[in-house]
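Examination of the molecular architecture
The residues making up each chain are set out below.
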Amino acid sequence: MSEMEDILRQETLPKTQRSVKGVGQQLLLLQAQLKREKEERKKIIENYTSERAMRKKYYNMVEEMKGKIRVFCRIRPVNRSEATQGGAIVVDKLDDYSITVEAPRGPREFQFDKVFSARASQEELFQDVNRLMQSVIDGYNVCIFAYGQTGSGKTFTMVGDKDQKNPGIMPRSFNAIFDIMRENSSKFDFKVSAYMLELYNDRLQDLFVSQAGEAHSQTQSHGPTKRVEIKRNRKGVVFAQGAETKEASSAQELYALFQQACANRHISATRMNVESSRSHLIVGIMVESRNLTNGSVNTGKLSLVDLAGSERAAKTGAKDHQLKEANSINKSLSALGDVISALSAELPHVPYRNSKLTQVMQDSLGGNAKTLMIVNISPSEYNIDETLTSLIYATRVKAITNNAQRNVDSKEIAQLKEVCAVATCDALI
Ligand SMILES: Nc1ncnc2c1ncn2[C@@H]1O[C@H](COP(=O)(O)OP(=O)(O)OP(=O)(O)O)[C@@H](O)[C@H]1O
């Protein structure tokens, strides 16, 4: 009955009114269809983006398994001076594994093992670094180093901020290592020792000894600073001959040693960074773990390197002794660049001997360490040239293959080594 009434009502409507109503209904249908299609398109893009990210993730995992050096990229927030310059933000994080840079000749995309935006916290970064700590305990050599222009955030990443409200990789690593040791204390006996060096004006200095040659430790005798030299053992592992090695029985003790060392570091204000590191900081943490069941001994080494920043004197306003420092920093970084280029191009000769920095890092680049590089960059147009240079450098580093091997000695070999060490000590006395 009601249907009949509807038909009758429609029949009585003027023709034009009926056709307007029809168009209106069609419009509604089309709108609904458009909405459905938009949702479908959104879903396809989401799937594509997550597939793309997954593909990059698995690709990175395969590369890591092949022994490739891992490279993370961290974009720091815009700083006050960049904001004053008024330059645009030219770096954008596309997904967890790639960034784009608005280069003068058009956008350029770079891929990394992980990308951290300016909002990423120190915790987030360390979550992706933490598993390397287990490798140290398992007897691998691990090297983590920060690279980038002056003021790009290397010290913030490696050490943290001044008041340690946001501690960086170094203090977090100390805690993580002792946490793992505590969890495994029923199965292993652990011993942790450390050396801390800086490479300043092409001279290696023991940071446990102050500039005046005065030992920080109360038990140390006063005297002239010992010459520190970089040597490699039979397995190719780098060690610092002549540098003091101190034992630590807790993360707090290790951190106290680290603070002592930092107090001796060369830092000064430049136009680009009020607290610029004028030296390369090299921290070596050795972890020896003796298996209580079978007596075998693993010896892992964690090298943490905060490189001084590359810079252009005109931009930083370096003069006199600062210019000398800058030249020395640039020279060693350029030697590092040559090593990276030779390794990534698989050249037969790698010029490690051209600088002390490359000698220190010999076992981490093309050697037997598990290596992670963090390339720190500024997001601002003001630093675009330096940012592109750093990203190109970092891309080359990704191509380098290491051959990480565990340093394990059976119970018998470990015992023989102990006997030899005691004999050498006796002979020296
Ligand atoms: N991710 C970040 N979040 C907050 N502040 C940051 C971040 N990265 C860097 N900064 C700040 O930027 C400034 C410069 O950083 P930092 O000293 O770490 O640079 P650098 O690369 O070590 O420089 P240099 O090579 O001159 O020593 C510091 O004040 C630091 O606290």
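Owing to the predicted nature of the structure, the values given are computational and were not obtained by experimental measurement.

1. A few points about unusual backbone geometry
Phi is positive for Q164, which is not a glycine, with a value near 55°. Examined against the element boundaries, Q164 turns out to sit in the loop between α6 (154-158) and α7 (169-183). Its identity as a non-glycine residue notwithstanding, D202 has a phi of 65°, on the positive side. Assignment of secondary structure puts D202 in the loop between β7 (188-200) and β8 (203-206).

2. A look at the pairing of strand β15 (residues 297-306)
In regular strands, side chains alternate between the two faces of the sheet. With ten of ten residues buried, β15 is to be regarded as a mostly interior element. The alternating pattern of β15 places V297, T299, K301, S303 and V305 and N298, G300, L302, L304 and D306 on opposite faces, both of which are buried. Examined bridge by bridge, strand β6 (residues 141-147) and β15 share six bridges and lie parallel to one another. Within the sheet, the bridge partner assigned to A146 lies in β15 and is D306.

3. Describing the pairing of strand β1 (residues 70-75)
Of all six residues making up β1, six are buried, and the element is well covered by its neighbours. Burial along β1 is two-sided: the residues R70, F72 and R74 and V71, C73 and I75 are all buried. Of the pairings in the sheet, the one linking β1 to strand β5 (residues 114-116) comprises three bridges and is parallel in character. Bridge pairing in β5 places C73 opposite V115.

4. A look at helix α12 (residues 384-398)
In a regular helix each residue adds 1.5 Å, so 15 residues correspond to 21 Å; α12 covers 21 Å between its end C-alpha atoms and thus fits that length. Along α12, the residues that are buried comprise I384, E386, T387, S390, L391, Y393, A394 and V397.

5. Here's the deal with the sheet that holds strand β2 (residues 91-95)
A sheet is described by the order of its strands in space; here three strands give the open sequence β2-β3-β4, paired in antiparallel fashion. Across the chains shown, the open sheet's two edge strands, defined by having one partner strand only, are β2 and β4 (106-111). Direction aside, neighbouring strands of the sheet carry axes that sit 25° apart on average. The pairing of strand β3 (residues 98-103) with β4 spans six bridges and is classified as antiparallel. Bridge pairing in β4 links T100 to E109. Its contacts with the sheet put α12 on β2, β3 and β4, and the angle it makes with β3 is roughly 140°.

6. Overview of the nonpolar core
Counting 91 residues, the largest nonpolar core has I177, M196 and M373 as the members making the most contacts within it. A per-element tally of this core places α7 first, with eight residues. Apart from the residues lying within four places of it in its own chain, the contact partners of M373 are I69, V71, F145, Y147, A394 and V397.

7. Considering the UniProt feature "binding site: ATP" (unreviewed entry) in the protein
According to UniProt, the positions carrying the feature "binding site: ATP" (unreviewed entry) are G148, Q149, T150, G151, S152, G153, K154 and T155. Tracing the chain through its elements places G151 in the loop between β6 and α6. Among the secondary structure elements, G153 is positioned in the loop between β6 and α6. Contact partners of G153, with chain neighbours within four places excluded, come to R74, R76, G148 and N376.

8. Regarding helix α8 (residues 251-263)
With 13 residues, α8 extends 18 Å from end C-alpha to end C-alpha; this agrees with the ideal 18 Å at 1.5 Å per step. For α8, the full list of buried residues reads A251, L254, L257, F258 and A261. Seen along its axis, α8 keeps its buried residues to an arc of 125°; they face one direction. Across from the buried face of α8, at angles greater than 90 degrees, the exposed residues are Q252, Q259 and A263.

Calculation rules
Residues numbered from 1 in each chain as written. Predicted model: local features only at pLDDT ≥ 70, side-chain atom pairs only at ≥ 80, totals over all residues. Helix = DSSP H or I, 4+ residues; strand = E, 2+ residues; numbered from the N terminus. Buried ≥ 20, exposed ≤ 12 C-beta atoms within 10 Å, placed from the backbone. Pairing = 2+ DSSP bridges. Expected span 1.5 Å × (residues − 1). Axes fitted to C-alpha atoms, helices over the stretch in contact; angles between N-to-C directions. Contact = placed C-beta atoms within 7 Å. Core = buried A, V, L, I, M, F, W, Y, C linked by C-beta atoms within 7 Å. UniProt positions renumbered as here; feature names shortened; annotations may be inferred. Arc of directions from axis to C-beta.

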